Amino acid sequence: MPHQPAAASVPPGSASRLDAAIAGNWRTPTNRARDLYRHPKATLQFFGVQANQTVVEIIPGGGWYTEILAPLLRDRGHYIAAVEAPAGGEAKRDDDALRRKFAANPAEYGKAHVVEFDPKAPVFGPPGSADRVLTFRNVHNWAEAGTAEAMFKAFFAVLRPGGVLGVTDHRAAPGATLDAVMSSGYLPTDYVIKLATDAGFKLEGQSEINANPKDTKDYPKGVWTLPPTLTLGNQDRAKYLAIGESDRMTLRFVKPAAAH
């Protein structure tokens with residue numbers, strides 16, 4: 001396993017700005033309650049996110065991390081939400097909700113930008129224009145859709161040399177094959193690492209920030225059995241709430257400085 005630094009180097013003052021964004025009163029109570037499982041401060045510091053960077057978040061969904069990242073980057077950086085187009089179903093609802101969130105609070109989100117991309121031929125911005133690309137719990141969807149390789153190549157293209165790709169996703173049990181877990185929402189860590197390294201990235205660090213040893217990964221409805229989805233409703237609800245959210249890999253990749 002590669003060296004695991006606690007976090008990339010963070011300039012003085014960055015931590016306090018991140019603290020202020022996490023504590024922001026614009027964050028919804030429902031989202032704030034999930035900090036216990038998602039560890040936003042430790043995760044974003046591990047990815048080396050700083051307030052003066054250009055950060056592309058891939059498919060922000062309902063905007064959980066958006067509520068932290070967009071205000072953090074508002075004054076000195078640039079937050080870009082990359083959403084699928086044309087989007088239908090859940091993706092369309094998430095996209096609409098995100099745009100409503102931006103419109104409802106221009107003081108915090110007025111400088112946030114939305115870029116639409118084709119998942120089969122994704123482009124997230126001009127080549128070499130981003131300092132960080134972040135994706136939270138999305139890779140399993142791309143694996144199932146057959147678009148994962150194209151997505152990781154596009155991450156590589158938009159990042160500047162030396163830029164960082166940060167990935168978290170539901171972590172399959174050791175030794176599990178992709179085919180065996182594809183429909184469960186969990187992914188083998190080595191599969192995700194291979195996607196990134198095949199695209200040109202170097203694995204720079206792995207962290208257990210978002211690990212959950214209570215997660216047995218053998219549920220009737222896969223990872224969606226656990227909170228926050230709780231697909232089974234009231235069936236064994238207390239059991240799944242006691243487990244909490246899924247066990248997650250947290251991986252930091254770098255685009256080599258010599259990359260073109």
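First, a word on what this report is: a plain description of the structure on this page. (Residues numbered from 1 in each chain as written. Predicted model: local features only at pLDDT ≥ 70, side-chain atom pairs only at ≥ 80, totals over all residues. Heavy atoms only, no water.)

1. Topic: the nonpolar core
Membership of the largest hydrophobic core comes to 35 residues, with the highest contact counts inside it found for Phe124, Phe152 and Phe155. Looking at this core, the element that brings in the most residues is helix H9 (residues 148-158), giving 7 residues. Excluding residues within four positions of it along the chain, Phe152 makes contact with Val139, Trp142, Leu165, Val167, Val192, Leu195, Ala196, Ala199 and Phe201. Leu18, Ala51, Ile68 and Leu69 belong to the second-largest nonpolar core, a separate cluster that totals 27 residues. (Core = buried A, V, L, I, M, F, W, Y, C linked by side-chain atoms within 4.5 Å. Buried < 20%, exposed > 50% of the residue type's maximum accessible area, 1.4 Å probe, protein only. Helix = DSSP H or I, 4+ residues; strand = E, 2+ residues; numbered from the N terminus. Contact = heavy atoms within 4.5 Å.)

2. Thoughts on the pairing of strand S7 (residues 248-254)
In the case of a regular strand, side chains alternate between the two sheet surfaces. Along S7, 7 of the 7 residues are buried, which leaves the element largely enclosed by surrounding structure. For strand S5 (residues 159-170) and S7, the ladder comprises 7 bridges, and the chain directions are antiparallel. Along S7, the bridge assignment pairs Thr168 with Thr250. Pairing of strand S6 (residues 202-207) with S7, which is carried by 5 bridges, proceeds in the antiparallel orientation. When the sheet's bridge partners are listed, Ser207 is paired in S7 with Thr250. (Pairing = 2+ DSSP bridges.)

3. Some remarks on helix H5 (residues 66-73)
Within H5, 8 of the 8 residues are buried, which leaves the element mostly enclosed by the surrounding structure. Among the residues making up H5, those that are buried are Thr66, Glu67, Ile68, Leu69, Ala70, Pro71, Leu72 and Leu73.

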